[in-house]
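Analysis of the macromolecular model
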Amino acid sequence: MSTHAERLNAVWYQGVSLGIIVVGITIALAAAYTSTREEVAAAVESDTRQTLEQVLPPGYADNNLLKDSLELTDAEGQAVTVYRARKSGTVRAVLFEQRGKGYSGVIKLIMAVDAEGVVQGVRVTTHTETPGLGDKIEAAKNDWIHSFEGKSLVAPGEKAWAVKKDGGVFDQFAGATITPRAVVATVKRGLEFFANHRAQLLDNPATSAGKAKEPSHE
Amino acid sequence: MSDSKDKGPDTRAIVRDGLWDNNVVLGQMLGMCPVMAVTSSATNGLGMGLATMVVLIVSNAMIASIRNWVSDTVRIPVFIALIAGLVTLVDICLNAWLHELYKVLGIYIALIVVNCAVLGRAEAFASRNTVAASALDGTAMGLGFTLALVVMGGIREILGAGTLFANAHILLGAHFAFLEMRVLPEAASTLFMILPPGGFLTLGLLIAARRRIQDGLEARAAASASTSAVLAN
């Protein structure tokens, strides 16, 4: 076995073996990524559909939300996909995603705002907040996220859109203030986005069924 | 630590090592970052423990299978590349094919990368033992890790929130909802235990308790050894 040991110690062998392993891993990862891209996109789309259904009261809309969407640009220059919930052709509510910066990363949420600018529902879709502390923003773990329902910029008023510690009306969590503060600010920003684009969002005939854009998911 | 390449330690020693003698958290004190991060509840500890165990088993087996072709000089980068690649693969595959599970375990998988226990076992055990022994070592170490995390998460959860295994149904499915219980009334809970200082305190007390028990066991073994020596004379 001395030749084996000698070869193991040769500099060329070390470099080549490391190279082969790294290239192999890279190929495996690239293959896994490309071969699962469609499944991941499908899973994300079904997640989106489920979330869209969650933020609206049952029977609120009678159209296919995923097929009735439009792209807008928000105040920060980011593209926002807006889904419209209609009943008998009239836009009753719009649903869109907002992102905020939480304690340990981006918090993404989907919110539904009705034609009067009142929040119908909010759900956090992805976040990386501390398990056991900040993750109470998930509907599955705590009822807190429902406290947005029925609120608008008019009632309880713009100043009240803060956690109680900051003089607002929303509860913070024991041990976690930054997370709920971020969610409240994000929902508020969503309402401002709605207010800025209200006419455009509620403009009924803008997307005829045929012209409706395919929703994009990033 | 294992000695020879050919003989290898026996099954009982490996299991004992993983669960008690060399317990990842309480004995080797590795992987403190995920330990502190997720042990705010027993359920989180269980999820993290199980996910880490799977990665430990596969990475140990993989590294043992290539151990004779990897030169000592480059072994660390090779192990790191393999482990990081493996964790990423698990992440991608779970996301694509077991999406429901991914939504639950996703937060833990990212944390496995920072668990140096995985690299630790690759270096200390898998790089000098057979594939089967290494896979067993991964299982035992993973179980020991899970056990430590569940105990620690349980203590912190009971004292900090008054509950035990809260939200277990999200991780394990509706059948396990019976695990969820309230041990103390909410008013009696001390938030401090869920916050990071509570984690350090619990960990310190657990390590001390393990040492105490270990000392007791050793003292008893020494005592019985000396009695049998006397009897032999």
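Residues numbered from 1 in each chain as written. Chains lettered and ligands numbered in written order. Predicted model: local features only at pLDDT ≥ 70, side-chain atom pairs only at ≥ 80, totals over all residues. Heavy atoms only, no water.

What follows concerns the interface of chain B and chain A. The interface of chain B with chain A comprises 29 residues on the first partner and 28 residues on the second. Summed over both partners, the interface of chain B with chain A comes to about 2,400 Å²; 70% of that surface belongs to carbon and sulfur atoms. Counting across the chain B and chain A interface gives 0 salt bridges. Put simply, chain B and chain A have 5 residue pairs in polar contact (both at pLDDT 80 or more) between them. At the level of secondary structure, the elements contributing two or more residues to the side of chain B that touches chain A comprise α4 (75-97) and α5 (99-112) of chain B. By residue number, the principal contributor to the side of chain B that touches chain A is α4 of chain B, which donates 11 residues. Each residue belonging to the side of chain B that touches chain A can be placed in one class, and the counts come to 18 nonpolar, 10 polar and 1 charged. (Contact = heavy atoms within 4.5 Å. Buried area = accessible area lost by both parts, 1.4 Å probe. Salt bridge = Lys/Arg side-chain N within 4 Å of Asp/Glu carboxyl O. Polar contact = N/O pair within 3.5 Å; in protein donor to acceptor, adjacent residues only side chain to side chain. Helix = DSSP H or I, 4+ residues; strand = E, 2+ residues; numbered from the N terminus. Nonpolar A, V, L, I, M, F, W, Y, C, P; charged D, E, K, R; others polar.)

Attention now moves to the packing of aromatic side chains. In the structure shown here, the tally under the stated rule is 8 aromatic pairs over all chains. These aromatic residues form a ring-pair network of at least three members: Trp-144, Phe-148, Trp-161, Phe-170 and Phe-173 of chain A. The ring of Tyr-60 of chain A has Arg-92 of chain A lying over it, and the distance from NZ or CZ to the ring centre is 4.0 Å. Positioned above the aromatic ring of Trp-20 of chain B, the side-chain terminus of Arg-210 of chain B is 5.5 Å from the ring centre. (Phe/Tyr/Trp six-rings, centres within 6.5 Å; stacked < 30°, edge-to-face > 60°. Lys NZ or Arg CZ within 6 Å of the ring centre and 35° of its normal.)

This part takes up the nonpolar core. Val-25 and Phe-165 of chain B are the most contacted members of the largest nonpolar core, which has 50 residues in total. Apart from the residues lying within four places of it in its own chain, the contact partners of Val-25 of chain B are Leu-30, Met-32, Val-35, Phe-145, Ala-148, Leu-149 and Leu-203 of chain B. If you look at the next biggest cluster of nonpolar residues, it comprises 36 residues, including Val-94, Val-122, Trp-144 and Phe-148 of chain A. (Core = buried A, V, L, I, M, F, W, Y, C linked by side-chain atoms within 4.5 Å. Buried < 20%, exposed > 50% of the residue type's maximum accessible area, 1.4 Å probe, protein only.)

Our focus in this paragraph is the environment of Val-118 of chain B. All names here are of chain B. Looking at where Val-118 falls in the secondary structure, it is placed in helix α6 (residues 116-124). Sequence separation between Val-118 and Met-141 is 23 residues, and the spatial gap between their C-alpha atoms is 9.4 Å. Leaving out residues up to four positions away in the same chain, Val-118 has contacts with Thr-52, Val-55, Leu-56, Ser-59, Ile-83 and Ile-112.

Keep in mind these values describe shape, not function.
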